[in-house]
Amino acid sequence: MELVIIADTHVPKRARDLPAPVCAAIDSADVVLHAGDWVDVSLLDALERRARRLVGVYGNNDGPELRARLPEVARVELAGLRVAVVHETGPKTGREARCAARFPDCDLLVFGHSHIPWDSVAPGGLRLLNPGSPTDRRAQPHATYLTARVAAGRLDRVELHRLPPR
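Treat the numbers as computed from the prediction; the structure is a model and nothing was measured.

A. Geometry of the side chain of Thr-9. As for its position among the elements, Thr-9 is in the loop between strand S1 (2–6) and helix H1 (20–28). Classification of Thr-9 as buried rests on a relative accessible area of 0%. With sequence-adjacent residues up to four places away left out, Thr-9 is seen in contact with Arg-14, Leu-18, His-34, Gly-36, Asp-37, Trp-38, Leu-43, Pro-134 and Thr-135.

Spelled out as structure tokens, the structure:
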């Protein structure tokens, strides 16, 4: 099972649309995980049409229309991998322990908010991934997103993709 992991898209405020490489990755993925800050419901509608399967949550920049359609936390099982998606996890200091306590029944936690790519493992084995942002790099050198593969309850081939400057 092929995954595309994105967050903090901020469409149309930071970009008119997702970059072409992200769209191509979505087209070939089995599941798209979006960790919030869509900003406008039109992107949610577009991804629901485009993605084979979409798992998303709302973020702090998402208004009532998005919050009515998306949960704060999404939990799914993908090919035996127990996944949670959330927008905010708090400060980076203590993140692994805090998230392991909050999501003890998960193998993978996908989060956003910071626009900073993150890949770590918490005590007990919870993997934490933040894809950064494909549209708003802030102080990062590149806009980014993640792809990964899930098979038999295991996550592998996690790859951070750096997008060319716009």
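What follows continues from the structure just given.
B. Expanded view of the pattern of salt bridges. Inspection of the entire model under this criterion finds 10 salt bridges. Across the salt bridge formed by Arg-69 and Glu-48, the nearest N and O atoms sit 2.7 Å from each other. One end of the pair, Arg-69, is in helix H3 (residues 64–69); the other, Glu-48, is in helix H2 (residues 41–50), and 21 residues separate them in sequence. Its relative accessible area of 44% is what places Glu-48 among the partly exposed residues. Residue Arg-82 pairs with Asp-107 through a salt bridge whose shortest N-O separation is 2.8 Å.

C. Region of interest: the environment of Arg-95. Checked against the element boundaries, Arg-95 lands in helix H4 (residues 95–102). Exposure remark for Arg-95: the relative accessible area of 7% places this residue in the buried category. Contacts of Arg-95, omitting those with residues within four sequence positions, involve Thr-89, Gly-90, Phe-111, Trp-118 and Leu-128. A polar contact of 2.8 Å, which involves the side chain of Arg-95, links it to the backbone oxygen of Gly-90.

D. Expanded view of the environment of Trp-38. Here Trp-38 lies in the loop between strand S2 (31–34) and H2. Residues Trp-38 and Thr-9, spaced 29 residues apart in sequence, show a C-alpha to C-alpha distance of 5.4 Å. With residues up to four places along the chain from it excluded, the contact list for Trp-38 reads Thr-9, His-10, Val-11, Leu-43, Leu-44, Leu-47, Leu-54, Gly-56, Val-57, Asp-62, Leu-66 and Leu-70.

E. The arrangement of the sheet that holds S2 in detail. A sheet is described by the order of its strands in space; here five strands give the open sequence S3-S2-S1-S9-S10, paired in mixed fashion. Of all strands in the sheet, those with a lone pairing partner are strand S3 (54–56) and strand S10 (154–163), marking the two edges. Averaged over all adjacent pairs, the angle separating strand axes in this sheet is 20 degrees, with direction ignored. Bridging between strand S9 (residues 143–151) and S10 involves eight bridges; their strand directions are antiparallel. Considered in S10, the bridge of Tyr-145 is made with His-161. On the sheet, H1 packs against S1, S2, S9 and S10 and is oriented at approximately 145 degrees with respect to S1. On top of the sheet, H2 reaches S1, S2 and S3; it is set at about 150 degrees to S3, its chief contact.

Calculation notes
- Residues numbered from 1 in each chain as written.
- Predicted model: local features only at pLDDT ≥ 70, side-chain atom pairs only at ≥ 80, totals over all residues.
- Heavy atoms only, no water.
- Helix = DSSP H or I, 4+ residues; strand = E, 2+ residues; numbered from the N terminus.
- Buried < 20%, exposed > 50% of the residue type's maximum accessible area, 1.4 Å probe, protein only.
- Contact = heavy atoms within 4.5 Å.
- Salt bridge = Lys/Arg side-chain N within 4 Å of Asp/Glu carboxyl O.
- Polar contact = N/O pair within 3.5 Å; in protein donor to acceptor, adjacent residues only side chain to side chain.
- Pairing = 2+ DSSP bridges.
- Axes fitted to C-alpha atoms, helices over the stretch in contact; angles between N-to-C directions.

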